[in-house]
Protein chains: 4
Amino acid sequence: MSPRTVAGGRTFTDIARRAQIVQCAADAIAETGYANASMAEIAARAGIAKSVISYHFADKNELLQELVRTAVTRYIELIGPRLDAEDDVRRKIRAYITASADYMVVHRSMHLAVVEIAFHATTPDGRPRLDSMPLNAQENLEEILRRGQEFGELGDFDVRVMADLLRTAAHQTMTLALRADPALDLTSYASALAAIFDQAISPQPSTP
Amino acid sequence: MSPRTVAGGRTFTDIARRAQIVQCAADAIAETGYANASMAEIAARAGIAKSVISYHFADKNELLQELVRTAVTRYIELIGPRLDAEDDVRRKIRAYITASADYMVVHRSMHLAVVEIAFHATTPDGRPRLDSMPLNAQENLEEILRRGQEFGELGDFDVRVMADLLRTAAHQTMTLALRADPALDLTSYASALAAIFDQAISPQPSTP
Amino acid sequence: MSPRTVAGGRTFTDIARRAQIVQCAADAIAETGYANASMAEIAARAGIAKSVISYHFADKNELLQELVRTAVTRYIELIGPRLDAEDDVRRKIRAYITASADYMVVHRSMHLAVVEIAFHATTPDGRPRLDSMPLNAQENLEEILRRGQEFGELGDFDVRVMADLLRTAAHQTMTLALRADPALDLTSYASALAAIFDQAISPQPSTP
Amino acid sequence: MSPRTVAGGRTFTDIARRAQIVQCAADAIAETGYANASMAEIAARAGIAKSVISYHFADKNELLQELVRTAVTRYIELIGPRLDAEDDVRRKIRAYITASADYMVVHRSMHLAVVEIAFHATTPDGRPRLDSMPLNAQENLEEILRRGQEFGELGDFDVRVMADLLRTAAHQTMTLALRADPALDLTSYASALAAIFDQAISPQPSTP
DNA sequence: AATGAATGAGATTTCATTCAT
DNA sequence: AATGAATGAAATCTCATTCAT
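Residues numbered from 1 in each chain as written. Chains lettered and ligands numbered in written order. Predicted model: local features only at pLDDT ≥ 70, side-chain atom pairs only at ≥ 80, totals over all residues. Heavy atoms only, no water.

1. Examining the interface of chain C and chain D
In step 1: Contact with chain C, which involves 42 residues of that partner, is made by 42 residues of chain D.
In step 2: Summing both partners gives a buried area of about 3400 Å² for chain C against chain D, and 61% of it is carried by carbon and sulfur.
In step 3: The largest share of the area that chain C buries against chain D comes from F119, I196 and Q199 of chain C, three residues that together contribute 21% of it.
In step 4: Between the two partners, chain C and chain D, sit 0 salt bridges.
In step 5: Between the two partners, chain C and chain D, sit 7 residue pairs in polar contact (both at pLDDT 80 or more).
In step 6: Looking at the side of chain C that touches chain D element by element, the count peaks at 12 residues for helix α8 (residues 159-180) of chain C.
In step 7: Of the residues contributing to the side of chain C that touches chain D, the split by class is 23 nonpolar, 13 polar and 6 charged. (Contact = heavy atoms within 4.5 Å. Buried area = accessible area lost by both parts, 1.4 Å probe. Salt bridge = Lys/Arg side-chain N within 4 Å of Asp/Glu carboxyl O. Polar contact = N/O pair within 3.5 Å; in protein donor to acceptor, adjacent residues only side chain to side chain. Helix = DSSP H or I, 4+ residues; strand = E, 2+ residues; numbered from the N terminus. Nonpolar A, V, L, I, M, F, W, Y, C, P; charged D, E, K, R; others polar.)

Shown next as structure tokens:
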């Protein structure tokens, strides 16, 4: 009898192998950098032959796409409920930053890998390959901020720019800090960041 | 008779060639991405043979280091006077952001190249090579912010985190926005960013 | 109890599977070309796993040999009676060409596959593998032509060269024409070819 | 001073190297078969590194195209004058066959290589790559034959089929014979072929 | 000072084949 | 009887670097 399959026509062992390979790819990229994470390196970490990867993934791009897809799923899973749990807009923003930090702690190598991929992967003719990957715009910070302004809970900043800044803070700033000092206490770092944003988005005091 | 040399034992033509190559490298990286900016691509843009690059630079790493060094010099040249021209700390911070934007407009490809390099370049064994490059910490934002707090002109944020955020904002945030929309009006974008930071660093209102 | 076997120690299901695989191999080679007809492609067409092929055939070479053997059998089955049905040598030659055309129509993919194999298959050290395959010399055109000359029914051509030409005409010429135009009316094409050969082999007129 | 260049911007040594590589590729294909003629094999025969080939040719396809282009040029150079030298149509046809044989003797491996390439090279999706190569239709046998019929010098055969047959005879038939017996005397073989065609195309005797 | 030519290491990918179940 | 999974060899191509001129 053929092994049980799930949606997508993949067997359980197949899925497990793919997950293992994706994890090893993330570790390899996070630790050795995008350019050094060759198929050989990834395979060596997984303790399998290069061609096993080819057996499970059509090509390297598919592997990277699955990595990013997995990471985004984990991120959404973690951050979604944390945002939904807050009614107050300013607490939502704080939750966004601290939850992002928690995600980076839990899925550290996967996060670092995604950031590497986001910056490195290019099409043969030069431009970023990540446009075809579901990375940003999942959270809709703009929407949250705009509503906060309408209800008078937030100040009068440029919504688009603030959303960009929030995203960069949650991803680039913390990543760079973590890279520069792998022993960094990310939780308190996130707390400090959240405090800064809390003031930045608050309604301005009357400045006479 | 040997040609005149300057400090470092290089002739003037040598220096000119190096500058030309560095500029072409910056263009290549900015336009085609780090991974596609091979020595061949750079040489082609400069209209010279690949080996000419090898003649003037020990290896690719040295070329990239000179590129970054040059960029940092240009950056310091532009931003230094603009910061010095302001006495008020809050205006200094605004100047930091708007001057950074101006730098990105004037030295666009060089800036984009440095950001690419900062994320991509790794040593053979894996870790970022930029740590060994004189990129950050040249401006001493920390110093400025700390003094502002001491004099009571600024609020009570975490200085290190705020400095990181400022740097990421000035470089990553604006770069990503520019990448996403090459026609972006960077000057007004920087203005909006500056406004946000102005509130973020200001002394907190009494929060009853 | 073990399943019934036939000569060669194979069971009936075994034989059926082998035949199915051979047919799919023929289709694959005919449609996608020799180089693209990998074991994976063949297995996919048969709707079975690659390893099933390995289970039934020692290696790819054995599969191809069986394909050619099968094709030759079909060819002989079809062409033999058609030749035997003719007493007159010149009608035998015409029958040879038209029967070959009929064979190509009926067993189109198998024929195209054999032609591909005949040209492509090589031993690891380089030489054509077809020499070891039972392709040519099954029909004994030479014998027929020689007897025709002895009885004065045919002209005075070089028997070996004429046989070669006939075989090439029946296989290569028609195959190439069919490839170039898949909608070609092979029956009338064969008729035209037959007419040409009829004159070529006829006793020369007195050339004063 | 830079080395002298000729049309196409190539230096003389470049041209010589390309010619050498093309010749070695032809030898490799002719001797070991298309499938075994890897870049490594070709480089080994030329006594150079694999990458030298990459230096002179963009990819393998370009190398093969140049090989075919060269072969066709040689063929046209040899066969053109020989056809032009004959006024009589029937002698033209004989010249076509014998000149083709001479070509095969002089440029043996190149010819064998082209035949291999013509049959083997396929695009990734399956169909022959030779459509983009200038192989056939250079001689316009149809034109010659048609004129011969108009002037009453030739019989009443199907022109298109006869041209196909002539081409197959000149290329496939002789190639297969040569392959089967590398010591074959091609000149007399061609002579026998020519005799056969001479009768095949001659005006039919009145067959009452 | 400059260059054309050459090199070797390494990357990705394909493929026939094998093995445990 | 059949299969999913794994393997290792080999193929093509890219690239930074070196060398003789």
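2. Considering the protein's contact with DNA strand E
In step 1: Near DNA strand E there are 33 residues, and of these K60 of chain A, V52 of chain B, K60 of chain C together with T11 and V52 of chain D occur at the shortest range.
In step 2: Looking at DNA strand E alone, sugar and phosphate atoms form 57% of those within 4 Å of the protein.
In step 3: One nitrogen or oxygen atom from the side chain of S51 of chain B is found 2.8 Å from a base oxygen belonging to DNA strand E.
In step 4: A distance of 3.5 Å separates a base nitrogen of DNA strand E from a polar atom in the side chain of Y55 of chain B.
In step 5: Those elements that provide at least two residues to the surface near DNA strand E are α3 (50-56) of chain A, α3 (50-56) of chain B, α3 (50-56) of chain C together with α1 (12-32) and α3 (50-56) of chain D.
In step 6: Looking at side-chain class alone, the surface near DNA strand E contains 11 nonpolar, 13 polar and 9 charged residues. (Near = heavy atom within 4 Å.)

3. Side note on the nonpolar core
The tendency in soluble globular proteins is for nonpolar side chains to be buried side by side.
In step 1: Membership of the largest hydrophobic core comes to 130 residues, with the highest contact counts inside it found for L67 and F197 of chain C together with L67 and F197 of chain D.
In step 2: Among residues more than four places away in sequence, those in contact with F197 of chain D are L165 of chain C together with I93, I97, M162, L165, L166 and A169 of chain D.
In step 3: Residues A28, A113 and A200 of chain A together with V159 of chain B belong to the second largest nonpolar core, which totals 129 residues. (Core = buried A, V, L, I, M, F, W, Y, C linked by side-chain atoms within 4.5 Å. Buried < 20%, exposed > 50% of the residue type's maximum accessible area, 1.4 Å probe, protein only.)

4. What to know about helix α6 (residues 108-120) of chain C
In step 1: An ideal rise of 1.5 Å per residue puts 18 Å on 13 residues; α6 of chain C measures up with 18 Å between its terminal C-alpha atoms.
In step 2: Judged by how many residues are buried, α6 of chain C sits mostly within the fold: 12 of 13 residues are covered.
In step 3: Along α6 of chain C, the residues that are buried comprise S109, M110, H111, L112, A113, V114, V115, E116, I117, A118, F119 and H120 of chain C.
In step 4: Of the surrounding elements, those touching the buried residues of α6 of chain C are α1 (12-32), α4 (60-84), α5 (89-106) and α8 of chain C together with α6 (108-120) and α8 (159-180) of chain D. (Expected span 1.5 Å × (residues − 1).)

5. Here's the deal with the protein's contact with DNA strand F
In step 1: Around DNA strand F sit 33 residues in total, of which S51 and V52 of chain A, K60 of chain B, V52 of chain C together with K60 of chain D are the nearest.
In step 2: At the protein interface, 58% of the atoms of DNA strand F within 4 Å belong to sugar or phosphate.
In step 3: A distance of 2.8 Å is found between a base oxygen of DNA strand F and a side-chain nitrogen or oxygen belonging to S51 of chain C.
In step 4: K60 of chain D places a side-chain nitrogen or oxygen 2.5 Å from a phosphate oxygen of DNA strand F.
In step 5: Looking at the surface near DNA strand F, the elements with two or more residues in it are α1 (12-32) and α3 of chain A, α3 of chain B, α3 of chain C together with α3 of chain D.
In step 6: Tallied by class, the residues present in the surface near DNA strand F amount to 11 nonpolar, 13 polar and 9 charged.

The analysis is restricted to geometry; functional conclusions fall outside its scope.
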